[in-house]
Amino acid sequence: MKVAVLDDYQDVARQSANWSLLPDGCELEIFRDHLADEGRLVERLQDFGAVIGMRERTAFPRSLLNQLPNLRLLITTGARNASFDVEAATDMGIVVCGTGGAGEGPTELTWGLIIGLLRKIPQEDRLTREGHWQTTIGVGLKDKTLGLIGLGHIGGLMARVGNAFQMNVIAWSQNLTAERAAECDAVLVDKDTLLRESDIVSVHLRLSDRTRGLVGAREIGLMKPSSYLVNISRGPIVDEGALVDALRRKTIAGAALDTFDVEPLPEDHPFLTLDNTIIAPHLGYVTEEGYRAFYAGAIEDIRAYAAGEPVRVINPEVLESAQLRRSN
């Protein structure tokens, strides 16, 4: 079976795992470049039986899967992938598996972005190298209000750190309860109150039909001129056009962003020209520990599939189908 590893941006996949553990007969090929064009992807992947995608860098919609007749195993690093059409894969008899992870990269990155944004670290670093000394005044965290949109695993960790900084932590999401908020030493408020009162609004939700565009022009308009927006979850949760407009007009103080509607971020995107933003290239999960766990898990997935006992299967119904279009 031919195995493809996609989007190895940093050229580290080969050294991040022991690929010699792949079953005998597997032929491994690792691709560093990102292909967005479906025709070129079909040409590249048509002979592969297994494909390993790094998070959501390359999407696998039904139209692409339909043109990959040899694909039998599709692996996403992590436990889920919104850009994989799992229903289509199931219809075609393709087993979709996930992997585990390691560390708390997204939480750590969020705090790095927050502190960098409020203390203007990237700007001061650049200006110091250009010969300027101490040109800005930063904003401290103590006694500020941290508003968390989403209080799941990452949101809960965010609340813990916010409390350590002696911040006032408030939270909201569609299903959040007062009990869960209290567990995290946060106070449940409604969405509009969170937006009006927060000095920092940080988004920690999964992308779904009900969260797409959740923070739009109306919501951003409720924020204080001195407040900041942080999004490391998924770009489409925040309306990019509305955010660009607010940043240009300075109706909010700034934004730190790690996820975008289109990735990699287009070179002409307005975010790149604004002086009140910090832009990161989707680094939340990008750590040595995370990569080692992802790729080791992918190898386990392939070994288990080859042994006829797939693990971490995202579409288990495909294993129960008596009429798979594809099989070993």
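Every value quoted in this text rests on a predicted model; they were computed, and no experiment measured them. (Residues numbered from 1 in each chain as written. Predicted model: local features only at pLDDT ≥ 70, side-chain atom pairs only at ≥ 80, totals over all residues. Heavy atoms only, no water.)

### Re the layout of surface pockets
Of the volumes computed, that of the largest pocket is approximately 1,300 Å³. Looking at the largest pocket, it is lined by 42 residues, and the ones nearest its centre are Arg55, Arg80, Ile154, Arg206 and Arg234. In terms of residues, the lining of the largest pocket owes the most to one element, helix α6 (residues 153–164), which gives three residues. When its volume is computed, the second largest pocket comes out at roughly 720 Å³. Broken down by class, the residue content of the lining of the second largest pocket amounts to 21 nonpolar, seven polar and seven charged. (1 Å grid on protein atoms, 1.4 Å probe; cavity = no way out; pocket = protein on both sides within 12 Å on 5 of 7 lines; lining within 4 Å. Points joined across faces, edges and corners; volume = space filled by probe spheres on them. Helix = DSSP H or I, 4+ residues; strand = E, 2+ residues; numbered from the N terminus. Nonpolar A, V, L, I, M, F, W, Y, C, P; charged D, E, K, R; others polar.)

### A closer look at a nonpolar patch on the surface
On the surface, a cluster of nonpolar side chains totalling about 230 Å² of accessible area is made up of Ile115, Ile121 and Phe165. Mapped onto the elements of the fold, phenylalanine 165 is located in the loop between α6 and β7 (168–172). On the accessibility criterion, phenylalanine 165 (33% relative accessible area) is partly exposed. (Patch = residues over 30% accessible without salt bridge, like charges linked within 9 Å, V, L, I, M, F, W, Y side chains within 5 Å. Areas by Shrake-Rupley, 256 points an atom, 1.4 Å probe, with all protein chains shown as cover. Salt bridge = Lys/Arg side-chain N within 4 Å of Asp/Glu carboxyl O. Buried < 20%, exposed > 50% of the residue type's maximum accessible area, 1.4 Å probe, protein only.)

### Here's the deal with the nonpolar core
Core analysis: the largest hydrophobic core is formed by 29 residues, its most contacted members being Ile149, Leu194, Ile220, Leu229, Leu243, Ile252 and Phe271. Among the elements of the structure, β7, α8 (191–197), β9 (200–203), α9 (217–222), α10 (240–249) and β11 (254–257) are those that each provide at least two residues to this core. It is α10 that contributes the most residues to this core, five residues altogether. In contact with isoleucine 149, not counting residues within four places along its chain, are Trp172, Leu194, Val201, Ser202, Val203, His204, Leu205, Leu214 and Val215. (Core = buried A, V, L, I, M, F, W, Y, C linked by side-chain atoms within 4.5 Å. Contact = heavy atoms within 4.5 Å.)

### Side note on helix α1 (residues 38–45)
All of the buried residues in α1 are Leu41, Val42 and Leu45. Buried residues of α1, viewed axially, fall in a sector of 100°; they line one side. Tucked into the core, α1 has its buried residues touching β1 (2–5), β3 (50–53) and α2 (62–65). At the N-terminal boundary of α1, the capping side chain belongs to aspartate 37, with an oxygen 3.2 Å from the backbone nitrogen of glycine 39. (Arc of directions from axis to C-beta. Polar contact = N/O pair within 3.5 Å; in protein donor to acceptor, adjacent residues only side chain to side chain.)

### Considering the environment of leucine 6
Relative to the assigned elements, leucine 6 resides in the loop between β1 and β2 (27–30). Each C-alpha atom of the pair leucine 6 and valine 95 lies 18 Å from the other, and the pair is 89 residues apart in sequence. Ignoring sequence-local partners within four residues, the contact set of leucine 6 consists of Phe31, Leu45, Val51, Ile52, Met54, Thr58 and Phe60.

### Quick notes on the pattern of salt bridges
In this structure the tally under the stated criterion is 15 salt bridges. A salt bridge links aspartate 125 to arginine 129; the nearest nitrogen and oxygen atoms lie 3.0 Å apart. Note that aspartate 125 and arginine 129 are positioned in helix α5 (residues 121–129) at a spacing of four residues, about one turn of the helix. By relative accessible area, which is 38% here, aspartate 125 ends up partly exposed. On the accessibility criterion, arginine 129 (68% relative accessible area) is exposed. Lysine 224 is paired through a salt bridge with aspartate 199; the nearest N and O atoms lie 2.8 Å apart.

### Observations concerning the side chain of threonine 76
Residue placement: threonine 76 occurs in strand β4 (residues 73–76). Under the relative-accessibility criterion, threonine 76 is labelled buried at 0%. At a separation of 2.9 Å, a polar atom in the side chain of threonine 76 contacts the side chain of asparagine 81. Setting aside residues no more than four positions away along its own chain, threonine 76 makes contact with Gly53, Arg55, Asn81, Phe84, Cys97, Gly98, Thr99 and Ile314.

### Here we look at the sheet that holds strand β10 (residues 228–231)
Within the open sheet, the seven strands sit side by side as β8-β7-β6-β9-β10-β11-β12. Their pairing is parallel. Here the strands that pair on one side only, and so sit at the sheet edges, are β8 (187–188) and β12 (277–279). Pairing of β9 with β10 involves four bridges; the strand directions are parallel. By the bridge assignment for β10, valine 201 is matched with leucine 229. (Pairing = 2+ DSSP bridges.)

### Observations concerning the pairing of strand β6 (residues 145–149)
Among the five residues that make up β6, five are buried, leaving the element largely enclosed by the rest of the structure. The two faces of β6 match: Thr145, Gly147 and Ile149 on one face and Leu146 and Leu148 on the other face are all buried. Sheet topology note: the β6/β7 ladder contains five bridges and is parallel. For threonine 145, the partnering residue across the bridge sits in β7 and is asparagine 168. For the crossover that starts at β6, traverses α6 and ends in the parallel β7, the hand is right-handed. Strand direction decides the pairing type here: β6 and β9, joined by four bridges, are parallel. Following the sheet pairing, isoleucine 149 is matched in β9 by valine 203. (Right-handed = clockwise from strand over helix to strand, strands pointing away.)

### Details of the sheet that holds β4
Across the sheet, which stays open at both edges, the five strands sit in the order β2-β1-β3-β4-β5 with parallel pairing between neighbours. Sheet topology places β2 and β5 (95–97) at the edges, where each strand pairs with a single neighbour. Averaged over neighbouring strand pairs, the angle between their axes works out to 15° when direction is ignored. Pairing of β1 with β2, which is carried by four bridges, proceeds in the parallel orientation. Looking at the pairing, valine 3 lines up with leucine 28 of β2. Contacts from helix α11 (residues 288–306) reach β1, β3, β4 and β5 within the one sheet, and its direction differs from that of β4 by about 160°. (Axes fitted to C-alpha atoms, helices over the stretch in contact; angles between N-to-C directions.)

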